[in-house]
Amino acid sequence: MKGKTVLLMIVSTLAFAVVNALVKYLEEYGEFQLVFFRCIVSLLISLIQLKALRISVWGNNKLILITRGFAGVLALIMGFALIKNIPLGTAVMLIYLSPIFTALIAVYWLKERVRSIQWFYLLVCVFGVFVLKKGEISLTFEMLLLGFGASSIAGLAYNCVRVCRKTDHPLVVVFYFPLIGAPVAFVLIFLFQEWIWPTTFDWFLIIALGGFTQIAQIALTKALQGDKAANAMVLKYLGVIHAFFIGWFFFDEGITAISAFGVLIILLGIVLFSWKTQQKKELYVIIYLA
């Protein structure tokens, strides 16, 4: 594994950790409003990039691009709701189950093969979730379902990205996420939540939310382009450690021995499962998953 890859993945996971911490900190804002803010920043950055490269923003495989947009924003809303309602580390751990669902959906949609040993690793993850549930009192059955929902719908979004890899430029795929997400989140705000005008300081944090997301994506992209996908993606799970540390240090969130054991089991299962599925052709999916 290259030293540059390690450095880039540390930057990426730290940046994503900051994003999650900001979502946790901005607790007075509903998840719909936070998703709207995040999408607006991403939309502007993506539009500028596409215009600079003179690439058509509308793409070719519009049905799948739209599906990717709706699935992505739904997964993001559920993920933000999870982060706001349970300890940060536990929430990120559940969200990081998405590679499992990505592979399982690909079995039925893209007719890909899952090896026998990978089913065993899946059972390891299930056992880890059971242990985590026992050790984390705040992880109710409803929150557990929300976590599974967020990671499974994210898996659907990632498979849409894979379908588009031969028909559309990666930046177009990225662009459709905020293009769909911004108006959807805006409508949901006025249907189900009260709009809160940010303070000057909160505007700074909101801009940082989008900025750190972009930093994380760029660092992840460079890491994946410069090394094997498997090497980079194993380091991605440093994000779980960052999340537990931030939760403990900034939000006074403790972790029991049972919870820690459950997290270790899940991480082991995900890493082993993902290691077997990382192929060179899958770089496109992982690079643009955010």
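Model, not experiment: these values are computed from the prediction.

Scoring rules and cut-offs
- Residues numbered from 1 in each chain as written.
- Predicted model: local features only at pLDDT ≥ 70, side-chain atom pairs only at ≥ 80, totals over all residues.
- Heavy atoms only, no water.
- Salt bridge = Lys/Arg side-chain N within 4 Å of Asp/Glu carboxyl O.
- Helix = DSSP H or I, 4+ residues; strand = E, 2+ residues; numbered from the N terminus.
- Buried < 20%, exposed > 50% of the residue type's maximum accessible area, 1.4 Å probe, protein only.
- Contact = heavy atoms within 4.5 Å.
- Phe/Tyr/Trp six-rings, centres within 6.5 Å; stacked < 30°, edge-to-face > 60°.
- Expected span 1.5 Å × (residues − 1).
- pLDDT = per-residue confidence, 0-100.
- Core = buried A, V, L, I, M, F, W, Y, C linked by side-chain atoms within 4.5 Å.
- Polar contact = N/O pair within 3.5 Å; in protein donor to acceptor, adjacent residues only side chain to side chain.

A. Representation of the pattern of salt bridges. One pass over the structure, following the stated rule, counts one salt bridge. A salt bridge links glutamate 253 to lysine 24, with the shortest nitrogen-to-oxygen separation between them at 3.3 Å. Pair noted here: glutamate 253 is in the loop between helix H11 (238-251) and helix H12 (257-277) and lysine 24 is in helix H1 (residues 3-25), with a separation of 229 residues, a long-range link. No difference in accessibility class separates glutamate 253 from lysine 24, as the two residues are buried.

B. Fine view of the side chain of serine 98. Inspection of the secondary structure puts serine 98 in helix H5 (residues 98-109). Take serine 98: its relative accessible area is 8%, and that puts it in the buried class. Contacts of serine 98, omitting those with residues within four sequence positions, involve Ser151, Ala154, Gly155 and Tyr158.

C. Local environment of the packing of aromatic side chains. Under the counting rule described, the total for this entry stands at 18 aromatic pairs. A ring pair is formed by phenylalanine 175 and tyrosine 176, whose centres lie 6.4 Å apart and whose planes are at 90°; its orientation type is edge-to-face. For phenylalanine 175, a relative accessible area of 4% puts it in the buried group. On the numbers, 5.1 Å between centres and 65° between planes, the contact of phenylalanine 186 with phenylalanine 190 is edge-to-face. Separated by four residues within a single helix, phenylalanine 186 and phenylalanine 190 lie in helix H8 (residues 170-192), roughly one turn from each other. By way of ring pairs, the aromatic residues Tyr29, Phe36, Phe37, Phe186, Phe190, Trp195, Trp197 and Trp203 are connected into one cluster.

D. Local environment of the environment of valine 18. As for its placement among the helices and strands, valine 18 is situated in helix H1. Given a relative accessible area of 28%, valine 18 falls into the partly exposed group. As for valine 18 and alanine 216, which are separated by 198 residues in sequence, their C-alpha atoms are 9.7 Å apart.

E. Region of the structure containing H5. The first and last C-alpha atoms of H5 sit 16 Å apart over twelve residues, in line with the 16 Å expected at 1.5 Å per residue. Of the residues making up H5, those classed as buried are Ser98, Ile100, Thr102, Ala103, Leu104 and Ala106. Following H5 by one or two positions, lysine 111 has its phi on the positive side, about 60°.

F. Broad picture of the environment of phenylalanine 261. Relative to the helices and strands, phenylalanine 261 resides in helix H12. By relative accessible area, which is 47% here, phenylalanine 261 ends up partly exposed. Residues phenylalanine 261 and valine 131 lie 130 residues apart in sequence; the distance between their C-alpha atoms is 7.3 Å.

G. A look at the confidence of the model for the chain. Here the chain averages 84 in pLDDT, and 88% of its residues register 70 or above. Across the chain, helix H3 (residues 62-85) holds the top mean pLDDT of 93, while helix H13 (residues 283-287) sits lowest at 44. The model gives residues 279-290 a pLDDT under 50, and that stretch makes 33 contacts with residues more than four places away or in other chains.

H. Geometry of the nonpolar core. If you look at the biggest cluster of nonpolar residues, it comprises 68 residues, and the most contacted ones within it are Val35, Met93, Val240 and Ile270. Among the elements that take part in this core, H3 stands out by supplying ten residues, more than any other. Those residues in contact with methionine 93 that lie beyond four places of it in its chain are Leu132, Val240, Val263, Ile266, Leu267 and Ile270. If you look at the next biggest cluster of nonpolar residues, it comprises 13 residues, including Leu43, Cys160, Leu171 and Tyr176.

I. Focus on the side chain of serine 259. Here serine 259 lies in helix H12. Classification of serine 259 by relative accessible area gives buried; the value is 1%. Side-chain polar atoms of serine 259 contact the backbone nitrogen of glutamate 136, separated by 3.4 Å. In contact with serine 259, not counting residues within four places along its chain, are Leu132, Gly135 and Glu136.

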